[in-house]
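Survey of secondary and tertiary structure
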Amino acid sequence: MKETQEYKVLARKYRPKTFSDLIGQDTIVQILTNAINSNRVAHAYLLTGVRGVGKTTTARLIAMSLNCQNKKTDICEPCGKCDTCNTITNDHNLDVIEMDAASKTGVDDVREIIDNVKYKPVNSTFKIFIIDEVHMLSKNAFNALLKTLEEPPNHVKFIFATTEVKKIPVTILSRCQRFDLHRIENKELTNFLDKICKLENVKIDQEAIALIVRAADGSVRDSLSLLDQAVANNQDNISSKLITEMLGIADRGKIFELLENILKGNATEAINIYHRLYKSGADVIMIFDELLNAVHFITQLKINPNLKDEILIPELERVQGSSLAANLSMASIGIVWQVLFKGYQELQSGFHIFQHGEMIILRLIFLYDGPGPRDLLKKIESNDESDSIENNNQVEKKISNEIRENKTINFKNEPVKLNTQKFSSSNVSTFRKFVDLFYENREGMLHSQLYNNVKLISFDEGKLVLNSSNIKDPNFNRTIAKLISKWTGRIWQIESSSSNLGKSLNEEDIINQQAEIEKMKNHPEIKKILETFPGIKIHSITDIGETADETSNEIKKEKEL
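Before going into details, it helps to say that this report is about the structure given with it. (Residues numbered from 1 in each chain as written. Predicted model: local features only at pLDDT ≥ 70, side-chain atom pairs only at ≥ 80, totals over all residues. Heavy atoms only, no water.)

1. Here we look at the overall build of the chain
In plain terms, the rule: In this description a helix means any DSSP run of H or I spanning at least four residues, a strand means any run of E spanning at least two, and both kinds are numbered starting from the N terminus. A 1.4 Å probe rolled over the protein chains alone gives each residue an accessible area, and that area as a share of the maximum for its type sets the label: buried under 20%, exposed over 50%, partly exposed in between. We call two residues in contact when some of their heavy atoms are within 4.5 Å. Using a 1.4 Å probe, the Shrake-Rupley method yields the accessible areas, and only the shown protein chains count as cover for residues.
Tallying secondary structure elements over the chain gives 25 helices and eight strands in all. Here the chain holds 561 residues, and 39% of them are scored as buried. Contacts in the chain between residues far apart in sequence, at least 24 positions, make up 71% of those at least 6 positions apart. Counting every atom, the chain has about 33,300 Å² of accessible surface; 50% of that belongs to carbon and sulfur.

2. Observations concerning the layout of surface pockets
One simple way to see leftover space: roll a probe sized like a water molecule over the atoms. Heads up, the rule is: Each cavity reported here is a set of points on a 1 Å grid over the protein atoms alone in which a 1.4 Å probe fits but cannot get out, each pocket an open set with protein on both sides within 12 Å along at least five of seven lines, and each lining residue one with an atom within 4 Å of a point. Grid points are joined across faces, edges and corners, and a volume is the space filled by probe spheres set on the points. For this scheme, ten residues count as nonpolar: Ala, Val, Leu, Ile, Met, Phe, Trp, Tyr, Cys and Pro. Four count as charged, namely Asp, Glu, Lys and Arg, and the remainder, Gly too, count as polar.
Counted as a void, the largest pocket has a volume near 820 Å³. Lining the largest pocket are 28 residues, with Asn186, Val213, Arg214, Arg252 and Gln300 positioned closest to its centre. Ranked by residues supplied to the lining of the largest pocket, first place goes to helix H14 (residues 284-303) with seven residues. Grouping the constituent residues of the lining of the largest pocket by class yields twelve nonpolar, six polar and ten charged. In this structure, the second largest pocket encloses a volume near 680 Å³. Every residue lining the second largest pocket is counted, 28 residues in all, and those nearest its centre are Tyr14, Arg15, Pro16, Thr57 and Val220. Only helix H1 (10-13), helix H3 (55-67), helix H8 (186-199) and helix H10 (220-233) provide two or more residues apiece to the lining of the second largest pocket.

3. Thoughts on empty space enclosed by the protein
Considering all chains together, one arrives at three cavities of 30 Å³ or more under this definition. Taken as a whole, the second largest cavity encloses approximately 40 Å³ of empty space. Around the second largest cavity, the lining residues are Leu259, Leu263, Val295, Ile298, Leu328, Ile333 and Val336. Breaking the lining of the second largest cavity down by element, the ones donating at least two residues are helix H12 (252-264), H14 and helix H16 (330-349). Residue composition of the lining of the second largest cavity, by class: seven nonpolar, no polar and no charged.

4. A closer look at a nonpolar patch on the surface
Condition: By definition, no residue in a patch forms a salt bridge, and every one has over 30% relative accessible area; like charges are joined within 9 Å, nonpolar side chains (Val, Leu, Ile, Met, Phe, Trp, Tyr) within 5 Å. Salt bridges are defined as contacts in which a side-chain nitrogen from Lys or Arg sits within 4 Å of a carboxyl oxygen from Asp or Glu.
Residues Ile529, Phe533 and Ile536 make up a contiguous nonpolar surface patch of roughly 280 Å² in combined accessible area. Looking at where phenylalanine 533 falls in the secondary structure, it is placed in the loop between helix H24 (524-532) and helix H25 (548-560).

5. Regarding the packing of H16 against helix H17 (residues 353-365)
Applicable threshold: Under this scheme, a helix contributes an axis fitted over its contacting stretch, all axes are lines through C-alpha atoms, and angles between N-to-C directions fall in the 0 to 180 degree range. Here the word oblique covers every angle except those under 35 degrees (roughly parallel), over 145 (roughly antiparallel) and from 65 to 115 (roughly perpendicular). Working rule for handedness: look at the near helix, and if it is turned counterclockwise from the far one by less than a right angle, call the crossing left-handed; if clockwise, right-handed.
Two elements in contact, H16 and H17, have axes whose closest approach is 10 Å; the angle formed by their N-to-C orientations is 165°. The angle between the axes of H16 and H17 places the two elements in the roughly antiparallel class. Both H16 and H17 take part in a crossing whose hand is right-handed. In this structure, H16 uses Val336, Val339, Leu340, Lys342, Gly343, Glu346 and Leu347 to contact H17, whose residues at the interface are Ile353, His356, Gly357, Ile360, Arg363 and Leu364. Residues belonging to the contact of H16 with H17 are distributed by class as follows: seven nonpolar, three polar and three charged.

6. Details of the pattern of salt bridges
Scanning all chains against the criterion turns up 15 salt bridges. Across the salt bridge formed by lysine 167 and glutamate 164, the nearest N and O atoms sit 2.9 Å from each other. Residue classification places glutamate 164 among the partly exposed positions, given a relative accessible area of 35%.

7. Topic: the nonpolar core
Applicable threshold: To define a nonpolar core, start from buried Ala, Val, Leu, Ile, Met, Phe, Trp, Tyr and Cys residues and group those joined through side-chain atoms within 4.5 Å.
Formed by 37 residues in total, the largest nonpolar core has its most connected members in Leu258, Ile287, Phe288, Leu291, Leu340 and Ile361. Put simply, the parts of the chain that give this core at least two residues each are H12, helix H13 (267-279), H14, helix H15 (315-326), H16 and H17. Sort the elements by how many residues they give to this core and H14 lands first, with ten residues. Once residues lying within four places of it in the same chain are set aside, the contact partners of leucine 291 are Ile255, Leu258, Leu259 and Leu340. In this structure, Ala59, Cys68, Ile130 and Ile159 belong to the second largest nonpolar core, which totals 30 residues.

8. Focus: the packing of H14 against H15
Direction vectors running N to C along H14 and H15 enclose 70°, while the axes themselves pass 9 Å from each other. With respect to their mutual orientation, H14 and H15 come out roughly perpendicular. Handedness of the H14/H15 crossing: right-handed. Across the interface between the two elements, Phe297, Ile298, Leu301 and Lys302 from H14 touch Glu317, Arg318, Gly321, Ser322, Leu324, Ala325 and Ala326 from H15. When its residues are assigned to classes, the contact of H14 with H15 shows six nonpolar, two polar and three charged.

Note that every value here comes from positions in space, so none of it alone points to a role or purpose.
Laid out in structure tokens, this is it:
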């Protein structure tokens, strides 16, 4: 009976056996090649990068190159055929010890390495310790390794691999030569998968490869695992539809169709497309993930129109993306991205995911597409105040009609006029006028707090930065923003700051009054009075016009008596 050969997954079958087989890591390969050829090999290396880019593979290649029995002097590539290369490849070489730090995290596991360091290699040139996911070691384990790592014997080399280099102590990093393995670019990964498919006699569409590359996100191992899964599903012909169903992602064409209907304001059709995507098996979160990718792609087309000729991008995406990019401004794309991203974050921890997705779509469709605050200000200044009430009624009627007809609100071609008869923007052109407005509207408590306890950091029409740390009310900024927006007919933003560079109006008035007093002391008549009556001081200066009404009232009362 013929024995069936054990199947080896593609990620293991096509694991690089030489440095030249590594894709997307040319700089690192060049540095390591020069170091090995010139015999300037460091005693410790640290390889970092995302999953599946070749960290462990690179570590094994270094070990094979240093210990290969048939390696030529001026060539760093291992032969791959000698006993040492075969045993390292099959992971049972006595002098190349691999340890998974995710399962062996303690100080006792590191002590085994330290105790083993003093023994020379059995049948190789170097004894090499490869520690995978080294960031998982405990603090005590790292400390135990420090001295040995700093001054190891000449026959010992350490190679560390990790996906989270930030978790490794600085004392360990300073003792290693660090190499950052990059994500594989889409073009290189596409060519690599195309080559593998030809070697495996697998028929696959270019759009299917593009979907696998996008899902792999720069990881060679992930891309090979997905290809393996696709071949298991259908070996005859792998289509983009098969990959879409396998990954549970939304059809890319339907995603662009959904986005197009959202931007047109067609609520009914957009919701119907969303329902069809959901019923076809697409995950709600994946739908919005794909929408974000589509908006990002449109942004790239907007910045670099030449991308529409990139053959590695599916033709459908290039055509529909270019059409949308031509009809959208960068500001509009930015707003759509912000709303989508906020909704995507809400979906991560929300309930009723399907319904939530519908509401995000409607939120985008009925998004206000009118002018910003500065545009409104310019239009206010250019319009007559007498027409404000009539125009407000027209705007309200337009909004109600367009919402009823499921259309996007758009005021681009129609000037908007607000009712500014009571308060115009010129009334609050300074912070003092801003504070006075609270006195005029009988908000005495807020006026007192703004005058005495709030320090102005910066002032701009529609935006203030205040230091209100002396006020205990946590909703103080929100309250004043709400009131000032109501009185002026425009939105004001009030931001907090801990800076002490500003001054309150009370402090400002005291400083100004002291300056006026010093100036008044030099007046000839006042100077003569101060010299005639030594010891007297100027306490304050008051404009006599401010007390005119009080004086006339007192005189009137005296006459009546």
